[in-house]
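# Breakdown of the fold
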There are 6 protein chains.
Amino acid sequence: LPEARQRTSVPGVATGLAVTGAGGDVLYVEASLADPETGATGVTLTGQLGDVMKESAQIALSYLRSRGAELELPVGSLKDRSVHVHVPAGAIPKDGPSAGVTMTTALASLLSGRPVRGDVAMTGEVSLTGRVLPIGGVKQKLLAAHRAGITTVLIPARNEPDLDDVPEEVRAELTVHAVSDVREVLDIALSPAHVAEAAAA
Amino acid sequence: LPEARQRTSVPGVATGLAVTGAGGDVLYVEASLADPETGATGVTLTGQLGDVMKESAQIALSYLRSRGAELELPVGSLKDRSVHVHVPAGAIPKDGPSAGVTMTTALASLLSGRPVRGDVAMTGEVSLTGRVLPIGGVKQKLLAAHRAGITTVLIPARNEPDLDDVPEEVRAELTVHAVSDVREVLDIALSPAHVAEAAAA
Amino acid sequence: LPEARQRTSVPGVATGLAVTGAGGDVLYVEASLADPETGATGVTLTGQLGDVMKESAQIALSYLRSRGAELELPVGSLKDRSVHVHVPAGAIPKDGPSAGVTMTTALASLLSGRPVRGDVAMTGEVSLTGRVLPIGGVKQKLLAAHRAGITTVLIPARNEPDLDDVPEEVRAELTVHAVSDVREVLDIALSPAHVAEAAAA
Amino acid sequence: LPEARQRTSVPGVATGLAVTGAGGDVLYVEASLADPETGATGVTLTGQLGDVMKESAQIALSYLRSRGAELELPVGSLKDRSVHVHVPAGAIPKDGPSAGVTMTTALASLLSGRPVRGDVAMTGEVSLTGRVLPIGGVKQKLLAAHRAGITTVLIPARNEPDLDDVPEEVRAELTVHAVSDVREVLDIALSPAHVAEAAAA
Amino acid sequence: LPEARQRTSVPGVATGLAVTGAGGDVLYVEASLADPETGATGVTLTGQLGDVMKESAQIALSYLRSRGAELELPVGSLKDRSVHVHVPAGAIPKDGPSAGVTMTTALASLLSGRPVRGDVAMTGEVSLTGRVLPIGGVKQKLLAAHRAGITTVLIPARNEPDLDDVPEEVRAELTVHAVSDVREVLDIALSPAHVAEAAAA
Amino acid sequence: LPEARQRTSVPGVATGLAVTGAGGDVLYVEASLADPETGATGVTLTGQLGDVMKESAQIALSYLRSRGAELELPVGSLKDRSVHVHVPAGAIPKDGPSAGVTMTTALASLLSGRPVRGDVAMTGEVSLTGRVLPIGGVKQKLLAAHRAGITTVLIPARNEPDLDDVPEEVRAELTVHAVSDVREVLDIALSPAHVAEAAAA
Ligand SMILES: [Ca+2]
Ligand SMILES: [Ca+2]
Ligand SMILES: [Ca+2]
Ligand SMILES: [Ca+2]
Ligand SMILES: [Ca+2]
Ligand SMILES: [Ca+2]
Ligand SMILES: [Ca+2]
Ligand SMILES: [Ca+2]
Ligand SMILES: [Ca+2]
Ligand SMILES: [Ca+2]
Ligand SMILES: [Ca+2]
Ligand SMILES: [Ca+2]
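We now turn to the structure provided with this report. Because the structure is a prediction, the values reported are computed rather than measured.

The helix and strand tally for chain A stands at 7 helices and 9 strands. For a compact globule of 201 residues, the expected C-alpha radius of gyration is about 17 Å, and chain A comes in at 16 Å, within 12% of that figure. Burial analysis of chain A (201 residues in total) assigns 58% to the buried set. Summarising the internal contacts of chain A: among those between residues at least 6 apart in sequence, 74% fall at separations of at least 24.

What follows is the structure, encoded as structure tokens:
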């Protein structure tokens, strides 16, 4: 599992799943906050994101700005600091709402300092209240996760019926969580706080 | 009535009615305010909203900014805090003025802390002075509300004649309020303040 | 005269006249100012306004910003408060310069707290110095005013010759003022200050 | 000479000359400054101006911002006050650089409080250093000025040869000044300061 | 040499050379800084400049903002003052990177108060570090300079071989400097400081 | 090696490698910071950069803003100072993510005051966490580097297999570093600090 583990070894990166022309693929959502010393403000979204995906990033950010304190996230860290959300590879256009959970998780990881678990990938639209809404391509996405060595996958509860389409042998090697609120995603996907603290020590 | 009740269980979400290619449908308008600690300002509108629907959100917001205090809403809460209005699903384009009452109600619910009643859905354009102006698709919208288990529907007074087109058996199971001012909408749709307080306790 | 009277019963709404595909029609220009507590600033123009009509709103606003004090309007009320001008219906595209006097009157009504008279409708381009410039469609506009129960109409002085085209029986039931300066419009169209005060008491 | 005299009776309005589809025409450039009490800032350009004509307005403004003090204009009046330049009629598209002198004159009139002489019309591009550059359509413009009852016309020095094309009888009734610096324009076109003072008294 | 001398008689104007449809031509880059009393800020670029030429102006400005102090230019003068760069004639579209040296020189002249020599014209792209990069049309540009009575021309060092294409009799009447750093341009093209002081006295 | 050495002789310039219509080519990324005295702020990107390449510059900047302090770069220097990234030649359109490492290196050189080594060129996409991602055109880029007299080339680790395509005689004269984190790039490409200090003395 080298790639996803490496990519998510620092806080602020979460592993998502996308449908591409050639089946499914793993993608990484990266988030950063400018050092307050730099005086940089505003929101930057890169990775050739389409309109719907840019809106997903805005929803993820507003969700955390409005409800982050309830989740015990230090939302004051967002104040007067530029936020950047990037989805490599830089030249490949991407769109759709299904990276909503991944974007929310990357940002929550960044704020909490808790890295995302390297064995977890996820897909799902997020609403402004944190509901996880259904997406397409569950089969291709789980196949891609499996190929990439991922062992735990989070999908929207309303997509549970789509698991029937996933080949038995792949399904058997994946732990799938069907979730309806993004808080469940964060509970499962973020490394425990003590891991983050150990890493920081 | 699980879906609408769940979606509107928190302040800031109202149930609307839309005409789609395949008849009518229920939609949810979600509103959020950034935590003042985050320092975020401005207005964000998402959900692939067309020009007319974006203007509806601006009208809803200006209505509350100019007349909210008369409605005993704490409009000072809007100061220096980013407002976000989102209409899932994220990838489906939406347009038209008929979500005006729903947007105003979602925002008033958010400001007041009073959740919107889960058995209520609504449709209607709102003017800047709070008048409820007529819309199209009353029949399809009431059928959609009925299918979704909604029992109370608010429509513009000037659309009352359109009720004749609604099948008798559907009409019999819906309480319909024909309203001409958005204050009537708020009076009917927002849960009583003591419910909100009980929920907060 | 129910519609125009109702619409103009609060300060900030003026009745205009437009040429549409189907003859003439009455339209309402609504203006609002954000409560200073909300901290909202800027100018918002809605109602699917075309470029020329948006410029008319900017001219109306600049006229009042530069000359409002001479008219004894409390222009300081414009400071640090968001102004919104809306022309329902929200989904109908509108354009042209002839709503200039109506926009200026709606804004002056809002600033002064004096409602616009419910029996008055108006049409005319306004220049930045307050001159009322000629417009088209006088005949259709007066017919529309008459149909809507309006009894007093303001038109540009340079459009006086067009009154010959208005059927005698309509012309007889309308008081028409041909004006050359927007101050004349305000003098005629705004309810006397004591009416506003009585209403506020 | 009623029209031009009336239009230029207040400071901030200058009479220009344009080439139109139907020969030449007189146009009026109007300028206003927001009352400082309104808190309005920024620059607004209206009248369906094309790109080149918008640039002319920016050049006129920058010329006065950088060199106005040398001309004994109170340029501090521009600080923290919205400037609006409008060219009626509102629905007619206009373009080209030849209103540069007219725009500069309207703004200088506004700043100085000295109305522009009602018998004067002008045409000419202005550079950022105040040079008056040549324009087209001298013949049509002088004919239009003459028709409008104008008796003094300012043209660029480099357009002097074009006067040969103007019919003798028109030429005889016009005083033409061929100028090379916009200061000459202001010297000729602005009413003497004592006139402005008398008017203000 | 009347034209170029007149145009460059004030600080802030530099003579450039362009290739046009009809051979080469002389152009003037004009720069101005708003009087601090006007409170105007920002950068304005006019003259129907294409994307590449607008970028040249930004590069010229950034070069001076970052390295101007090394050149003993009073860069603090740029603070809180609007900068305007204009290239007449206002209606003629212009593009390309070869006015970079001319823009840098016009701005340096403005900051230093040293007028540009009236007998000098120049062409060359400038990089952000002040390197002078090669351009096209050397032959046409030198012919145009010669026709305009210019006696000294600055070209990029890497364009020196192009001088072979210039007719002998023209070449003989021009002093050509092949430069590789924009500091050389400023050393040659700006009038000595004592000239500026004499002019100001 | 005159060209690359000259171009990179000052801090803020790094040598990159691009694929062009005619094979590969060397390009220079230049970065500048406005003198704090000028009061200039914001980010400017020039050189006819396409969308993907502009995003690369934003990623490079965000990387340094968020992680620069860990790299012992004085990121506070970015505060309240305009940043400009330019890629000559000004008229040639450029795009693609592969200048990411070059942009990051130019900016890090600028911040640190350490010039980039004149014998080093580089290519590679950079992610927001500083990972070096694979790019295309390794063969053409190395041939171009070799032609330009470069002796050390940095490529992404995941492009190491592409070295097989490079002719043996070229490969033999180049030191190639295959890197996976942009910190490795900075370690290799920036001149030692004492060189910078010596240069400054
Ligand atoms: Ca999708
Ligand atoms: Ca669960
Ligand atoms: Ca609709
Ligand atoms: Ca009612
Ligand atoms: Ca019209
Ligand atoms: Ca009158
Ligand atoms: Ca013209
Ligand atoms: Ca003269
Ligand atoms: Ca060129
Ligand atoms: Ca030299
Ligand atoms: Ca590339
Ligand atoms: Ca290494």
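Take chain B, turn it by 60°, move it 0.0 Å along the axis, and it overlays chain A with an RMSD of 0.0 Å. Here the transformation between the copies is reduced to the relation of a six-fold axis. The C-alpha atom lying nearest the rotation axis in chain B is that of B:Gly42; the distance is 11 Å.

This part takes up the interface of chain B and chain A. Often, the extent of an interface is quoted as the loss of accessible area upon association of its parts. Residue-level contacts link 28 residues of chain B with 22 residues of chain A. Across the interface of chain B and chain A, roughly 2,000 Å² is buried in total on both sides, 54% from carbon and sulfur atoms. Applying the counting criterion to the chain B and chain A interface returns 1 salt bridge. Taking the shortest distance from any N to any O, the salt bridge between A:Arg158 and B:Glu3 comes out at 3.7 Å. The interface formed by chain B and chain A contains 9 residue pairs in polar contact (both at pLDDT 80 or more). In terms of residue count, the dominant contributor to the side of chain B that touches chain A is strand β2 (residues 23-33) of chain B (4 residues).

Below, the discussion takes up helix α4 (residues 138-147) of chain D. Residue and element names in this part refer to chain D. For α4, the full list of buried residues reads Val138, Lys141, Leu142, Ala144 and Ala145. Projected down its long axis, α4 carries its buried residues within an arc of 160°, all on one side. Gly149 sits one or two positions beyond α4 and adopts a positive phi of about 85°.

Another point: the interface of chain F and chain E. On the side of chain E, 22 residues touch chain F, which itself brings 28 residues to the contact. Summed over both partners, the interface of chain F with chain E buries about 2,000 Å², with 54% contributed by carbon and sulfur atoms. On the chain F side of the interface with chain E, the three residues burying the most area are F:Glu30, F:Thr38 and F:Gln48, jointly 22% of the side's total. On the surface where chain F and chain E come into contact, there are 1 salt bridge. On inspection of chain F and its partner chain E, the count reaches 9 residue pairs in polar contact (both at pLDDT 80 or more).

Below, the discussion takes up the pairing of strand β3 (residues 43-46) of chain C. Working note: regular strand, side chains alternate between the two faces of the sheet. Residue and element names in this part refer to chain C. When β3 meets strand β4 (residues 83-86), the two strands line up parallel, connected through 4 bridges. Within β4, the residue paired with Leu45 across the bridge is Val85. At this point the chain moves from β3, through helix α2 (residues 51-67), to the parallel β4, and the crossover so formed is left-handed.

Residues and elements named next belong to chain D. Following both chains from N to C, one finds helix α2 (residues 51-67) and helix α3 (residues 100-112) inclined at 45°, their axes separated by 9 Å at the closest point. The orientation of α2 relative to α3 falls into the category oblique. Between α2 and α3 the crossing geometry is right-handed. Along the contact surface, α2 presents Met53, Ser56, Ala57, Ala60, Leu61, Tyr63 and Leu64, while α3 presents Gly100, Met103, Thr104, Leu107, Ala108 and Leu111. Split into classes, the residues belonging to the contact of α2 with α3 amount to 10 nonpolar, 3 polar and no charged.

Contact between chain B and chain E is absent, and the minimum C-alpha spacing across the pair is 23 Å. These two, chain C and chain E, are apart from each other, with no contact and a minimum C-alpha gap of 18 Å.

This part covers the pattern of salt bridges. All chains considered together, the criterion is met by 24 salt bridges over all chains. C:Arg183 is the salt-bridge partner of C:Glu70, the closest N and O atoms lying 2.6 Å from each other. Residue C:Glu70 is found in the loop between α2 and β4, and its partner C:Arg183 is found in helix α6 (residues 182-189); the two are separated by 113 residues along the sequence. When its relative accessible area of 51% is taken as the criterion, C:Glu70 is described as exposed. Residue C:Arg183 is classed as partly exposed on the basis of its relative accessible area of 33%. Each of A:Glu3, A:Arg7 and F:Arg158 takes part in a single network of salt bridges with overlapping partners.

Okay, the side chain of B:Thr8 next. Take B:Thr8: it is sitting in the loop between α1 (2-7) and β1 (13-20). Each residue touching B:Thr8, except ones within four places of it in the same chain, is listed here: B:Val13, B:Ala14, B:Thr15, B:Pro115, B:Val116, B:Arg117 and B:Gly118.

Right, let's get into the side chain of E:Ser62. With respect to the secondary-structure elements, E:Ser62 resides in helix α2 (residues 51-67). Apart from the residues within four sequence positions on either side, E:Ser62 is in contact with E:Leu128, F:Ser32 and F:His84.

With respect to the secondary-structure elements, B:Gly100 resides in helix α3 (residues 100-112). Here the alpha-carbon distance between B:Gly100 and B:Gly149, two residues 49 residues apart in the chain, equals 22 Å.

Turning our eyes to something else, we now look at the pairing of strand β4 (residues 83-86) of chain F. All names here are of chain F. Here β4 shows two buried faces, one formed by Val83 and Val85 and the other by His84 and His86. Relative to β4, strand β2 (residues 23-33) is paired through 4 bridges, and the arrangement is antiparallel. Among the inter-strand pairings, Ser32 is bridged to a residue of β4, identified as His84.

Residues and elements named next belong to chain A. Along the chain, the position of Leu143 falls in helix α4 (residues 138-147). Residue class for Leu143 comes out partly exposed when judged on its relative accessible area of 24%. Sequence separation between Leu143 and Glu55 is 88 residues; the distance between their C-alpha atoms is 27 Å. Residues in contact with Leu143, not counting those within four places in the same chain, are Pro167 and Val170.

For α6(C), the set of buried residues is C:Val182, C:Val185, C:Leu186, C:Ile188 and C:Ala189. Measuring from the side-chain oxygen of the N-cap residue of α6(C) to the backbone nitrogen of C:Arg183 gives 2.8 Å; that N-cap residue is C:Asp181.

With omega at 5°, the peptide bond leading from E:Pro88 into E:Ala89 counts as cis. In this structure, E:Ala89 sits in the loop between β4 (83-86) and α3 (100-112). Positive phi outside glycine occurs at A:Glu72, with the angle close to 60°. Within the secondary structure layout, A:Glu72 lies in the loop between α2 (51-67) and β4 (83-86). Here the phi dihedral of D:Gln48 falls at roughly 55°; this positive angle occurs in a residue that is not glycine.

All right, on to the environment of E:Met103 then. Residues and elements named next belong to chain E. Examined against the element boundaries, Met103 turns out to sit in helix α3. Put simply, Met103 and Val43 are 60 residues apart on the chain and 14 Å apart in space, counted from C-alpha to C-alpha. With residues up to four places along the chain from it excluded, the contact list for Met103 reads Val29, Leu49, Met53, Ser56, Ala57, Ala60, Val85 and Val87.

Reading the values: rules and limits
- Residues numbered from 1 in each chain as written.
- Chains lettered and ligands numbered in written order.
- Predicted model: local features only at pLDDT ≥ 70, side-chain atom pairs only at ≥ 80, totals over all residues.
- Heavy atoms only, no water.
- Helix = DSSP H or I, 4+ residues; strand = E, 2+ residues; numbered from the N terminus.
- Rg over C-alpha atoms; globule rule 2.2 N^0.38 Å.
- Buried < 20%, exposed > 50% of the residue type's maximum accessible area, 1.4 Å probe, protein only.
- Contact = heavy atoms within 4.5 Å.
- Least-squares fit on C-alpha atoms with pLDDT ≥ 70 in both.
- Buried area = accessible area lost by both parts, 1.4 Å probe.
- Salt bridge = Lys/Arg side-chain N within 4 Å of Asp/Glu carboxyl O.
- Polar contact = N/O pair within 3.5 Å; in protein donor to acceptor, adjacent residues only side chain to side chain.
- Arc of directions from axis to C-beta.
- Pairing = 2+ DSSP bridges.
- Right-handed = clockwise from strand over helix to strand, strands pointing away.
- Axes fitted to C-alpha atoms, helices over the stretch in contact; angles between N-to-C directions.
- Parallel < 35°, antiparallel > 145°, perpendicular 65-115°, else oblique.
- Left-handed = near helix turned anticlockwise from the far one by under 90°.
- Nonpolar A, V, L, I, M, F, W, Y, C, P; charged D, E, K, R; others polar.

That's the geometry; what it means functionally is another story.
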